[in-house]
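The residues making up each chain are set out below.
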2 protein chains.
Amino acid sequence: MKKKRKSSGIIIIGNEILSGKTLDTNSNFMCNELFKKGISCDEINITRDEELRIIEKIDLFKSKYDYVFTSGGIGPTHDDITSKSVAKAFGQKLVLNKEAKELLQKHYLDDDLTKARMKMAYLPENAIIIDNPISIAPGFKVENVFVFPGVPKILEIMFKEVINSLSGGKKYFKKTVTTILSEGVIGDDIEKIQRKHDIVEIGSYPYFKRNSFGVSLVISGDNKKKVLDVTSEVYNYIKLKNGNPKIF
Amino acid sequence: MKKKRKSSGIIIIGNEILSGKTLDTNSNFMCNELFKKGISCDEINITRDEELRIIEKIDLFKSKYDYVFTSGGIGPTHDDITSKSVAKAFGQKLVLNKEAKELLQKHYLDDDLTKARMKMAYLPENAIIIDNPISIAPGFKVENVFVFPGVPKILEIMFKEVINSLSGGKKYFKKTVTTILSEGVIGDDIEKIQRKHDIVEIGSYPYFKRNSFGVSLVISGDNKKKVLDVTSEVYNYIKLKNGNPKIF
């Protein structure tokens, strides 16, 4: 018997798209990845940052499709209401997620972990975290609904990880080393490490942290041992350069 | 009495977008034009070329929003089923539109006016034609639903014409304050300012630009004085925090 293709729907959350300020490219990225994976994307909805609208869409999509993917509205500001809305759509409480809290505490210095940022650790009570290797604040999954941030670079790396984990994908390993050094300082040496180990992929993602730039180095591949070995090598290199490395 | 902004919804029809093959730019174009006209775009739905899905969306949107705009599915091929679906959504027959037929007859030589092309002259019985200055085959309007082709260049010129003919939108004002501070640092205070002034909307948009990180705070609303007042308040707050504010 022929296996039926899995179905999916995408919900993009953000007034900046509806006002025309921002061109949404996240749904196109996700549609491409879903297509490659053999999952059908059946519908995309772009909705305002309004709780009732978001709840209504999630409620509809989660029963209509095998998978639902959302983008946007999980940052630290007052208009980031996706987590709260997903919780309500599932009749769950929004609670401080211990794992997310620990990630944020490790990533930010005490003074930088503002109330606004800590908001990003409040998730639906049954949420399972989706790692964010770039800016650390995680996405999450509740049942068949996967919640991603709206920044394309971050969504893309997180989405690839999730797509790989959906039934049929190959196992994929990933570690992140963060540093306060800039790409200009470490770029050449990291490139040398990459050349020595072409079985893994080292991605370099600058981000803003503690009023200065930082870089997340993401080491990934399907050979777990190699990923861990190269992660150690990168960590030791950054440490030698006094770059305050942290592993996630 | 305060005049309410008109609302609208956009329906994009096309499997090529859901498979990731084509990046939809039509909705972004329309959102920008609507914003300039002072008409709110409240929702975008991207749907498959399936009659029941299209009928369902049109039926929903036409009663929910003042205006509905659709893109795609009015060409000469078998999967162009938008006209038929719009007719059904309004309980109208699909008939040969005399005006559309004459336009096509004038445009194509007899031999070129194939049965497939003549299909483009079959419209809902109460349809009013929207001129297509590029490839002639017209769009149309039934009540508050405006139907456009999917080719961006053609849609754009037709849409501008339609937008100009719509009774005003209300005037809408918008200022931007940029800062080098991050959302995590200013989020709590900006939220307080937003709460004090719910007559305007404050959007917060982080960006990366030439090695610098920043946030654009977009203050918008239909009360010009209030927009300017809140812009000053945001500007002064950012200045106090040494956040290097700039107004646009």
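Since we're looking at a predicted model, the values are computed, not measured.

Caption draft 1: Main features of the nonpolar core. Judged by nonpolar contacts, the single largest core of 99 residues is most densely connected at A:Ile58, A:Val68, A:Leu217, A:Ile219, B:Ile58 and B:Val68. Per-element tally for this core: the top contributor is helix α7 (residues 152–165) of chain A, with six residues. The contact partners of B:Val68, leaving out residues within four places of it in the chain, are B:Ser8, B:Gly9, B:Ile11, B:Ile58, B:Phe61, B:Lys62, B:Asn144, B:Val145 and B:Phe146. If you look at the next biggest cluster of nonpolar residues, it comprises 14 residues, including B:Val185, B:Val200, B:Leu217 and B:Ile219.

Caption draft 2: Seen up close, unusual backbone geometry. Residue and element names in this part refer to chain A. Residue Asn-242 is not a glycine yet carries a positive backbone phi of 55°. When you line up the elements, Asn-242 lands in the loop between α9 (224–240) and β12 (246–247). Judged by local crowding, Asn-242 falls into the exposed class, with 10 C-beta atoms found within 10 Å.

Caption draft 3: Geometry of the domain arrangement of chain A. All names here are of chain A. Domain assignment breaks chain A into domain 1 (7–165) and domain 2 (173–247). Centre-to-centre separation of domain 1 and domain 2, based on C-alpha positions: 26 Å. Taken together, the nine residues of domain 1 in the interface contact eight residues of domain 2. Sort the elements by how many residues they give to the side of domain 1 that touches domain 2 and α7 lands first, with three residues. Split by residue class, the side of domain 1 that touches domain 2 holds four nonpolar, one polar and four charged.

Caption draft 4: Region of interest: the sheet that holds strand β7 (residues 136–142) of chain A. On the basis of which strands lie adjacent, the open sheet formed by twelve strands has the order β6(A)-β7(A)-β8(A)-β3(A)-β1(A)-β2(A)-β2(B)-β1(B)-β3(B)-β8(B)-β7(B)-β6(B) and mixed pairing. A single partner strand is all that each edge strand has here, and the edge strands are β6 (128–132) of chain A together with β6 (128–132) of chain B. Strand-to-strand twist in this sheet, taken as the mean axis angle between neighbours without regard to direction, amounts to 20°. Against the sheet, helix α3 (residues 51–64) of chain A touches β1 (7–13), β2 (40–47), β3 (67–71) and β8 (145–148) of chain A, its axis set at about 170° to β1(A). Docked against the sheet, helix α5 (residues 98–107) of chain A engages β6 and β7 of chain A, running at close to 165° with respect to β7(A).

Analysis parameters
- Residues numbered from 1 in each chain as written.
- Chains lettered and ligands numbered in written order.
- Predicted model: local features only at pLDDT ≥ 70, side-chain atom pairs only at ≥ 80, totals over all residues.
- Core = buried A, V, L, I, M, F, W, Y, C linked by C-beta atoms within 7 Å.
- Buried ≥ 20, exposed ≤ 12 C-beta atoms within 10 Å, placed from the backbone.
- Helix = DSSP H or I, 4+ residues; strand = E, 2+ residues; numbered from the N terminus.
- Contact = placed C-beta atoms within 7 Å.
- Domains from an automatic or database assignment.
- Nonpolar A, V, L, I, M, F, W, Y, C, P; charged D, E, K, R; others polar.
- Pairing = 2+ DSSP bridges.
- Axes fitted to C-alpha atoms, helices over the stretch in contact; angles between N-to-C directions.

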